[in-house]
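# Results of the structural survey
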Amino acid sequence: MSYSSQTKEELCRFEPDSVCCLLAELSGIVCAAGSVIYRGGGDKRLSIETENNAVARRAFRLLREVFDVQPQLVTLKRSRLGGRSAYRIEISGSEASFVLEGCGIEMGQRRGVPREITVRKCCRMSFLRGVFLACGSVTDPEKEYHLEFVLEDEAFAAALQRLIARFSLSAHLTKRRAMALVYLKGQSEITDMLSIFGAQSARFAMEDAYIRKELRNNANRAVNCDSANVQRAVTAASRQTEAIERVLAAYRKDTQEGLRTISEKHEAILREVSEKHEETAEFYRKNVTLVKNYERMNDTLQTLVVNNTRAMEHLSTIIEARNR
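Residues numbered from 1 in each chain as written. Predicted model: local features only at pLDDT ≥ 70, side-chain atom pairs only at ≥ 80, totals over all residues. Heavy atoms only, no water.

The subject of this paragraph is the packing of aromatic side chains. In this structure the tally under the stated criterion is six aromatic pairs. With a centroid separation of 6.3 Å and 80° between ring planes, the pair formed by Phe132 and Phe149 is classed as edge-to-face. Note that Phe132 is positioned in helix α5 (residues 121-135) and Phe149 in strand β6 (residues 146-151), a separation of 17 residues in sequence. Residue class for Phe132 comes out buried when judged on its relative accessible area of 0%. An aromatic cluster of at least three residues, connected via ring pairs, comprises Phe132, Phe149 and Phe197. The side chain of Lys8 reaches across the aromatic face of Phe132, ending 5.7 Å from its centre. (Phe/Tyr/Trp six-rings, centres within 6.5 Å; stacked < 30°, edge-to-face > 60°. Helix = DSSP H or I, 4+ residues; strand = E, 2+ residues; numbered from the N terminus. Buried < 20%, exposed > 50% of the residue type's maximum accessible area, 1.4 Å probe, protein only. Lys NZ or Arg CZ within 6 Å of the ring centre and 35° of its normal.)

Structure below.
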């Protein structure tokens, strides 16, 4: 069973404290779901149609208790609803006129909220409960927060919106195809409306669902926050790593360039020293050759001097020999 059906089941078990509230609830049902069919001779028939069995039984009982009439309950099969049952409550003749008059509905005039029925606050609350039973629905709070009344009469929808505003609730009015739609959004306003209806169990279920959703949302936010913090930390660490790699790359590049410069300087110095060494070695090689040449010349001169000396001695000997 849906949350909306459970809410209506609970409201159908609700027992107001006074007969005026029973009348106001029935008036809400008739205003929202009732239709009048005129037949020959000025006769009329009041028909109330609903797809909810509990609402049909509630309306049937209220008609009998409040107006002491004998309505007929007819079960219909609707092919457009997948073969599900719908229920029609019919009252004909003078009883129909009696019920309409008692519910504050004046024929031939635009349908609105009957003032004489909704003078007291408790009766206004009961009237809203009846309208909700007849044409309202509320979405499962586990999905979203949405309560609406779907009405054929746009004037009655506007009057219903003004009635809801008297409880300091902001209802919105729009159109959906050919229907007028009065709806409320937001958990706080919908729970207040459920309290107005008298659906306390449904209210507690919605508040419980709200608390669970808030706990899940808070947990998700905390997880998302932690994930975001971790992601930011990872991103920051990645950026720091990239910065360090860029610094190291620049350092390696500068170091390589420095080492290359030093190596080139060392090679230049070595080439210069090598060239100077070769020049010095060549100089020494030439000096050695010159010294050797000098030594050979010296030996030659010495030999010449010795030979000259011997020649002079021999010549002196010859001259002395002749002088004798």
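After presenting the structure, the write-up continues.
On to the pattern of salt bridges. Applying the stated criterion to the full structure yields 16 salt bridges. With a closest N to O distance of 2.1 Å, Arg212 and Asp208 form a salt bridge. Within this pair, Arg212 and its partner Asp208 are both found in helix α8 (residues 200-323), separated by four residues, close to a single helical turn. With relative accessibility at 40%, the residue Asp208 sits in the partly exposed group. Among the charged side chains, a salt-bridge network with shared partners connects Glu15, Glu25, Arg58, Arg61, Glu65 and Arg129. (Salt bridge = Lys/Arg side-chain N within 4 Å of Asp/Glu carboxyl O.)

Structurally, the α-helix is built with 3.6 residues per turn, so residues lying three or four positions apart point the same way. Taking 1.5 Å of rise per residue, the 12 residues of helix α6 (residues 154-165) would be expected to cover 16 Å, and the 17 Å separating its terminal C-alpha atoms lies within 8% of that figure. Of all the residues in α6, the buried ones are Ala155, Phe156, Ala157, Ala158, Ala159, Leu160, Leu163 and Ile164. Next to the buried residues of α6 lie α2 (19-33), α5, β6, β7 (172-176), β8 (179-185) and α7 (187-197). (Expected span 1.5 Å × (residues − 1). Contact = heavy atoms within 4.5 Å.)

Burial of β6 is extensive: five of the six residues sit out of reach of the surface. Here strand β5 (residues 136-138) runs beside β6; their pairing, made up of three bridges, is antiparallel. What sits directly across from Gly136, in β6, is Phe149. Strand direction decides the pairing type here: β6 and β8, joined by six bridges, are antiparallel. Following the sheet pairing, Glu148 is matched in β8 by Tyr183. (Pairing = 2+ DSSP bridges.)

What follows is about unusual backbone geometry. Phi angles above zero are rare outside glycine, and Asp68 is one such case at about 55°. The class of Asp68 is exposed, set by a relative accessible area of 61%. Residue Arg177 is not a glycine yet carries a positive backbone phi of 55°. Mapped onto the secondary structure, Arg177 falls in the loop between β7 and β8.

This part is about the sheet that holds strand β4 (residues 85-92). Read from one edge of the open sheet, four strands run β1-β2-β4-β3, paired in antiparallel fashion. Both outer strands of the open sheet, β1 (34-38) and β3 (72-77), are each paired with one neighbouring strand and no more. Across the sheet, the axes of successive neighbouring strands diverge by a mean angle of 30°, strand direction being ignored. One ladder, built from six bridges, connects strand β2 (residues 44-50) with β4; its direction is antiparallel. Within β4, the position partnered with Arg45 by the bridge is Ser92. Where helix α3 (residues 53-67) meets the sheet, its contacts fall on β2, β3 and β4, and the angle it forms with β4 comes to roughly 15°. (Axes fitted to C-alpha atoms, helices over the stretch in contact; angles between N-to-C directions.)

So yeah, pure geometry; function would need other evidence.
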